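A closer look at the structure
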Amino acid sequence: MQADIPHPIYLADYTPPSHLIDTVHLTFNLSPHATRVISRIAFRPNPDAATTEFFLHGTDLILQWAKIDGTTVAPTLTDDGLTCAVPDAPFVWEAEVEIAPAANTALEGLYMSGGMYCTQCEAEGFRKITYYPDRPDVMAVFTVEVISDMPVLLSNGNPVSQGVWHDPWPKPAYLFALVAGDLVAHSDTFTTMSGNDVALNIYVCDGDLHKCAFAMQALKASMTWDENTYGREYDLDVFNIVAVDDFNMGAMENKGLNIFNSSCVLASAETASDADFERIEAIIAHEYFHNWTGNRITCRDWFQLCLKEGLTVYRDQQFTGDMRGHAVKRIEDALVMREHQFREDGGPLAHPVRPTSVVEINNFYTATVYEKGAEVIGMLRRIVSDDAYAAACTLYFDRHDGQAATIEDWLAAFEDTTGRDLSQFARWYAQAGTPHLHVSQARDGNNAVLILRQELPATPDNSPKDPQVIPVDVGAIGPNGSEVLATRTLLLTEQEQSFHFPDLPKGAVFSVLRDFSAPVIVHYAQTDQDRAHLLAHDTDPFNRWDAGRNLALGLLRDMVLHDCTPDTAFLDGLAAVLRDDTLEPAFRASVLAMPSQAETARAISEVGATPDPLAIHIAHEALLLHIAQYLQDILPRIYADMTVTGPYAPNAEASGKRMLGNQVLKYLSQVDSGQHSAAQFANADNMTQQQAALSYLLMIGKGQAQTAAFYDQWRDDRLVMDKWFRLQIGNAAPDRAVTITRELTAHPQFDWQNPNRFRAVFGALAGHPAGFHDPSGAGYDLLANWLIKLDPVNPQTTAVMAKRFDSWPQFGPERQAQMRAALGRIAAADGLSRDTTEIVTRILG
């Protein structure tokens, strides 16, 4: 029986809460199957409320008793909470409920992971712990008592005594956290710029303590950076992080007690790659930065999610750029936008950065809210200037500290600082879809003219699209390779505008959208000769990389559609970048890396053709081999030059060398039958080198012995085993991908209820275009079967993975029918969750 389509809620219907809270006291008597939670909450009527009705959210709770001001009451229970008659004055609500953490497989609220009690309350998990107004605009001071025989008992704020914690800073319920377990701590201290000493702890299971040092280093670097860059210092006596194996997200910024997916904390040279280290550093920073952009100032309602997430993503991007280099970081951020957010914006799941309606808020933790939200912050800074941005942020912090704010509050701080009218800029928050920027040029005597036109395609909400404010950074490179126009920002505010550049030399090549200055899709009919010129000479690192990327995409598209062969000018451009020792190794590696097969599919769609995933895969393999053969004389030297000697270090310099060395190894494996990869695997003393070597061996149809050796070495390390599953599927031949996935789901180490393991397996399959889109439809059926099985256990992970079907409109009629049939089976599953129902319904349209 198909689940009923849930009714949405709307931003326009927001009303203030009926009651506010001054203090909350919670007592937990922990038991796996019968935890008792006693709440004592001091309410007062909200003078700004539109209603006096008293309603508390609650789900899967067994109410034992309830009292108001000490008198027993009999509230009316509903499917999603309770109502009760209350005094028209301040009062104290008390209640006791029973919950079963061990039975909570959805991993929302209080649940158990590996014998440890832990919580996840964002967005609406607190209502699974006790009855409460579970909305972000109700903020209160919490005191928590945890009763258990577990040796480590943690909650938010500062410790009062064993198992008792007090958080002096008002917070919404979604920031509540509790952990109880047999844990050990990696400890350190940090002294704030005001001279306050903060105790730092990373709690992990016994056996993982040696994997905490880098996370602690990243935490201290984040605290220093936020003081130096934003003037924000930490405000409690202790900052705790706990690593949890079973976690739906990456991490959670609970005040003073961050709970992390263990994959985002634990790292050692032997078990984590350079990419893992960088990801851990960024996520540690992201969650710490939330202390101000999310905790001290939270969001009024969940429609404002981008206020805390977009701003905090932007801050962690700044941090990573400062730590590791801004050029490559900007390329990485643009790739995320193009591969994930542009796809979201161009498909059935498109929504504004600030949605106007939601069915299930868990489904809006998206690339649009996070990454596009960050790009909006970056554009705002680019428009108003660095100094004005800093001043406006300070005003925002001072004005709204301790409040639940809105996008309007954020923009008002900038308007009041700069005197600008940002009403048109605010359309970035309101309009779904990726703007298309059409670029053309002309000559007017000695002047060059650049004509910019913006277009915003229709999206599923059928809303009207008005011109947006698009900052377009441009420069120009002269015929001799020198820069003849330094970067300047053009503000496109109308449908079409012309910009004049006096005395620009004839033959100069415009470099448009430098530094990826806006999240737009550029249509610019530059010749391959001009793009090759920019690849060789552009002074803007992003556009130099992007010129090569566009050459590669055009070539791959033509290889698929017209069976053409690579152009020598493109190959010479790659060789020139590869040989240029003045360029950072990480940047050279980025240029040498080819577009993804998904990018090629979109490039084919943009010219009105239907992508064939297998033909795209074959073209990519052919180009990989062609480049390898063309560069084979210099590949061994570059590979040798990028050898990093001495103890492993995950810093930017060493990581950059390994990044280029492994990119070269990928090409070498095409021409040396994997000899270099086999040698690197055998001699590797770190996961970066071992994983890359195994990946390239599997890619050329070898590596069976190394795969077995990898398993034997790491079978007891749960995080490394995620890699073992992922590598085999992600590098499988297209006609073997589904079979290998099916075989691995029968492996004893495939724990389908663990989100990391499920994502490792099915994320790898869905990320293998030619395998997932096998003409038989077997890939669709396999994923659909497992999502139907997972949904009753973990709706949140199911809904996220169901989004992998959102590309169905891109393909031909047969694949469209197969994907829609798979979605239809999911939609028809008995008792389908609210989370998954919404996603499947929106994808089907």
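Structure shown above.
Conventions used here
- Residue positions are counted from 1 within each chain, in the order its sequence is given.
- pLDDT decides what is reported in this predicted model: residues at 70 or higher carry local features, side-chain atom pairs at 80 or more are listed and counted, and totals for whole chains, interfaces and linings draw on all residues regardless.
- Computation of side-chain values covers all heavy atoms of the structure but excludes hydrogens and water.
- For every element, the axis is a line fit to its C-alpha atoms; helices are fit only across the contacting stretch, and the angle between N-to-C directions ranges from 0 to 180 degrees.
- Put simply, DSSP marks the helices as runs of H or I at least four residues long and the strands as runs of E at least two long, and each gets a number from the N terminus on.
- Should an angle fall under 35 degrees it is called roughly parallel, over 145 degrees roughly antiparallel, and 65 to 115 degrees roughly perpendicular, with every other angle called oblique.
- By convention the crossing between two helices is left-handed if the near helix lies anticlockwise of the far one by an angle smaller than a right angle, and right-handed if it lies clockwise.
- Only heavy atoms enter the contact rule, under which two residues are in contact if any of them lie within 4.5 Å.
- Note that Gly is not counted as nonpolar here; it falls among the polar residues with everything else outside the nonpolar set of Ala, Val, Leu, Ile, Met, Phe, Trp, Tyr, Cys and Pro and the charged set of Asp, Glu, Lys and Arg.
- When DSSP finds two or more bridges between a pair of strands, those strands are recorded as paired.
- A 1.4 Å probe that fits into a set of points on a 1 Å grid over the protein atoms alone but cannot get out defines a cavity; an open set with protein on both sides within 12 Å along at least five of seven lines defines a pocket, and lining residues are those with an atom within 4 Å of a point.
- Grid points are joined across faces, edges and corners, and a volume is the space filled by probe spheres set on the points.

1. Description of the packing of helix 1 (residues 213–230) against helix 2 (residues 274–289)
Working note: a packed helix pair is described by the angle between its axes plus the distance between those axes. The contact between helix 1 and helix 2 brings their axes to 9 Å, and the two run at 45°. Accordingly, the angle class assigned to the pair helix 1 and helix 2 is oblique. By crossing handedness, the relation of helix 1 to helix 2 is classed as right-handed. Together, Phe-214, Ala-215, Ala-218, Leu-219, Ser-222, Met-223, Trp-225 and Asp-226 of helix 1 and Phe-277, Ile-280, Glu-281, Ile-284, Ala-285, Tyr-288 and Phe-289 of helix 2 make up the contact between the two elements. When the residues that make up the contact of helix 1 with helix 2 are grouped by side-chain class, the tally is 12 nonpolar, one polar and two charged.

2. Here we look at the sheet that holds strand 27 (residues 470–477)
Two pairing modes exist for strands in a sheet, parallel and antiparallel, and in both the strands are linked by backbone hydrogen bonds. The sheet built from three strands is open, its strands ordered 28-27-30 with antiparallel pairing. In the strand order of this sheet, the two ends are held by strand 28 (483–492) and strand 30 (509–512), each with one partner. Going from strand to strand, the sheet's axes swing by 25° on average, the running direction of each strand aside. Two elements, strand 27 and strand 28, share seven bridges in a ladder whose sense is antiparallel. Across the sheet, the residue bridging to Ala-476 is Leu-485, located in strand 28. Docked against the sheet, helix 9 (residues 528–537) engages strand 27 and strand 30, running at close to 70° with respect to strand 30.

3. Some remarks on the environment of Asn-447
Relative to the helices and strands, Asn-447 resides in strand 26 (residues 447–455). Through-space distance from the C-alpha of Asn-447 to that of Pro-502 is 4.4 Å; in sequence the pair is 55 residues apart. In this view, Asn-447 contacts Ala-442, Phe-501, Pro-502 and Asp-503; residues no more than four positions away in its chain are not counted.

4. A closer look at the layout of surface pockets
Where empty space is left in the structure can be found by rolling a water-sized probe over the atoms. Put simply, the second largest pocket is a space of about 1600 Å³. Lining the second largest pocket are 49 residues, and of these His-57, Asp-80, Glu-124, Arg-127 and Arg-834 sit closest to its centre. No other element matches the three residues that strand 4 (residues 55–57) contributes to the lining of the second largest pocket. When grouped by side-chain class, the residues that make up the lining of the second largest pocket number 20 nonpolar, 11 polar and 18 charged.

5. What about the sheet that holds strand 3 (residues 35–45)?
The mixed open sheet is built from eight strands, whose spatial order is 6-5-9-3-2-12-15-14. Each having just a single partner strand, strand 6 (71–72) and strand 14 (158–161) make up the two edges of the open sheet. Where strand 14 and strand 15 (residues 164–171) come together, three bridges link them in antiparallel fashion. Across the sheet, Ser-161 pairs through a bridge with Val-164, a residue of strand 15.

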